[in-house]
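# What the coordinates show
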Amino acid sequence: MKFVLKSLVTLAFVGMAGMASADKLSLNAISNYLNSFSTAKGEFTQINADGTISTGTLYMRRPGRVRFEYAPPDNALVMAGGGQLAIFDPKSNQPPEQYPLRRTPLSLILERNVNLARAKMVVGHKSDGKTTTVVAQDPEHPEYGNIQLVFTDNPVQLRQWVITDDSGTQTTVILGDLTLGVSIHAGKFDIVLETRNRTGE
């Protein structure tokens, strides 16, 4: 499994290895990039805390909405909408587990107006010459955890994030090329509707 994980991360950044050296992206440049689109769609690979790997399709509709559709054999679904984050277990016909979105680090990039220059929001900001990494947290509630975002330049693109939740558990999401400005129906982020469809109520 360690070999698989190492190979996966290597493949994710193989396209970056040949890139020319780039200066560290500013927090304003990153914020402007995130604020430049309201919708996005793309494939993702997720490395879970236990070392297992999942894949699927990501749908994002800012502010406050995201949907992770996991491919078989997982067939799971994680979605955010209406201020809540819901986790659907495909093996259960019970309502999903729900948490306030604001208590998760993912909410930081789903805000209507992302401002990484906000006081005490960014606790890490570095570049390895190829990518820029930013570690952000809720400045009012650092106990909620943080999100580590990895960007490439020319043009600016979000490539990966690592979420550390309030228990210290880390989940890595490696993104394929995101298609921005796509049309995504609001129903994809309706937790109540998704629950009804799954339970048949």
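Now for a look at the structure at hand.

Pairing is possible between side chains of opposite charge, provided their charged atoms come close. As enumerated under the stated definition, the model contains five salt bridges in all. Between Glu194 and Arg67 there is a salt bridge, with the nearest N and O atoms lying 3.2 Å from each other. Separated by 127 residues along the polypeptide, Glu194 in helix α4 (residues 191-199) and Arg67 in strand β3 (residues 65-70) bring together distant segments of the chain. Glu194 gets classed as buried once you look at its relative accessible area, which sits at 12%. A relative accessible area of 8% means that Arg67 is categorised as buried. Here Glu69 ties to Lys188 by a salt bridge, and the two come within 3.1 Å at their closest N and O atoms. Here Lys188 lies in the loop between β12 (179-180) and α4 and Glu69 lies in strand β3, a separation of 119 residues in the sequence. On the accessibility criterion, Glu69 (24% relative accessible area) is partly exposed. A single salt-bridge network, built from bridges that share partners, covers Arg67, Glu69, Lys188 and Glu194.

Calculation rules
- Residues numbered from 1 in each chain as written.
- Predicted model: local features only at pLDDT ≥ 70, side-chain atom pairs only at ≥ 80, totals over all residues.
- Heavy atoms only, no water.
- Salt bridge = Lys/Arg side-chain N within 4 Å of Asp/Glu carboxyl O.
- Helix = DSSP H or I, 4+ residues; strand = E, 2+ residues; numbered from the N terminus.
- Buried < 20%, exposed > 50% of the residue type's maximum accessible area, 1.4 Å probe, protein only.

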